[in-house]
Amino acid sequence: MKLNHISFPSLDVAATAGFFERHLGCTVTPFDTSAVVKRHDFDIVIEDATGRAVDWPHNFHIGFELPTAGDVARLYAEFKEAGVRMRTGLIKAVRGSRFFCEIPGGVLVEINTREDAAEQYRASFGLAPAA
């Protein structure tokens, strides 16, 4: 069994799907008033929540991993330049560098890397010891 997709509601399907397309290189396929966002081997179904309340728990988020800390820093700068609502600055954490932003529709997104994770976490991520 493999994870096939995640699905979440949005009050602005076009803006939410557009974020994934514009900033994360996904393709978007509209269907009815909703959309499917695709990237590599996973799908995100963005459901039209018109007429429904959308209330995200404060700690719910989806995460995307990049190969390097430099990649994370570049995307952070790109997001800031594009006016994306940033929820944190760049964070150097024991599990690797990261930042959080809020995309249209209110979903919290984490962008991270494990490249610079602390030594005690590297093995649990399947990473070689730091050089």
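So, a few notes on the structure that sits alongside this text. (Residues numbered from 1 in each chain as written. Predicted model: local features only at pLDDT ≥ 70, side-chain atom pairs only at ≥ 80, totals over all residues. Heavy atoms only, no water.)

### Looking at helix H1 (residues 13-24)
Our working rule: Each helix corresponds to a stretch of at least 4 residues labelled H or I by DSSP, and each strand to a stretch of at least 2 residues labelled E; elements are numbered beginning at the N terminus. Multiplying 1.5 Å by the residue count of a helix minus one yields the expected span of that helix. Only protein chains enter the accessibility calculation, which uses a 1.4 Å probe. A residue is then buried if its area is under 20% of the maximum for its type, exposed if over 50%, and partly exposed in between.
With twelve residues, H1 ought to run about 16 Å at 1.5 Å a step, and its terminal C-alpha atoms sit 16 Å apart, in line with that. Among the residues of H1, Val13, Thr16, Ala17, Gly18, Phe19, Phe20, His23 and Leu24 are the ones counted as buried. Directly beyond the C-terminal end of H1, a positive phi value near 70° is found at Gly25.

### Brief notes about the environment of Leu127
Structurally, the position occupied by Leu127 is in the segment after helix H3 (119-122). Considering only alpha carbons, one finds Leu127 and Phe19, 108 residues apart in sequence, at a separation of 30 Å.

### Topic: the packing of aromatic side chains
This is how it is decided: Each Phe, Tyr or Trp ring, with Trp reduced to its six-membered ring, pairs with another whose centre is within 6.5 Å; inter-plane angles below 30 degrees give stacked pairs, above 60 give edge-to-face pairs, and intermediate values give tilted ones.
As enumerated under the stated definition, the model contains nine aromatic pairs in all. Between Phe8 and Phe20 the ring centres are 6.4 Å apart and the planes differ by 40°, which places this aromatic pair in the tilted class. Within this pair, whereas Phe8 is found in strand E1 (residues 5-10), its partner Phe20 is found in helix H1, the two being separated by twelve residues in sequence. On the basis of relative accessible area, Phe8 is assigned to the buried category, the value being 2%. Overall, Phe20 belongs to the buried group, its relative accessible area being 0%. Taking the centre distance of 5.3 Å and the plane angle of 65° together, the rings of Phe19 and Phe79 count as edge-to-face. Separated by 60 residues along the polypeptide, Phe19 in helix H1 and Phe79 in helix H2 (residues 69-82) bring together distant segments of the chain. There is no split in this pair, since Phe19 and Phe79 are both buried.

### Points about the environment of Arg87
The cut-off we apply is this: By definition in these notes, contact holds between two residues if any of their heavy atoms fall within 4.5 Å. Polar contact criterion, stated in full: a pair of N or O atoms within 3.5 Å, where within protein one must be able to donate a hydrogen and the other to accept it, and residues adjacent in sequence count only if both atoms are side-chain atoms.
When you line up the elements, Arg87 lands in the loop between strand E6 (85-86) and strand E7 (91-93). Given the relative accessible area of 43%, Arg87 is considered partly exposed. Here the alpha-carbon distance between Arg87 and Gly105, two residues 18 residues apart in the chain, equals 14 Å. Ignoring sequence-local partners within four residues, the contact set of Arg87 consists of Phe100, Cys101, Glu102 and Leu108. A distance of 2.8 Å separates polar atoms of two side chains, one belonging to Arg87 and the other to Glu102.

### A closer look at the side chain of Glu110
Residue position: Glu110 is located in strand E9 (residues 108-112). A distance of 3.3 Å separates a polar atom in the side chain of Glu110 from a polar atom in the side chain of Asn112. Excluding residues that lie within four positions of it along the chain, Glu110 makes contacts with His61, Ile62, Gly63, Phe64, Arg98, Phe99 and Phe100.

### Details of unusual backbone geometry
Non-glycine residue Asp32 carries a positive phi angle of around 50°. Considering the arrangement of structural elements, one finds Asp32 in the loop between strand E2 (27-31) and strand E3 (34-39).

### Describing the pattern of salt bridges
The condition is simple: Whenever Lys or Arg places a side-chain nitrogen within 4 Å of a carboxyl oxygen from Asp or Glu, that contact is recorded as a salt bridge.
Using the criterion set out here, one finds eight salt bridges in the structure. Its salt-bridge partner being Arg52, residue Glu47 comes within 4.0 Å of it at the nearest N-O pair. Looking at Glu47, the relative accessible area reads 32%, which means it is partly exposed. Among the ionic pairs, Arg74 bridges to Asp71, the shortest N-O distance being 2.6 Å.

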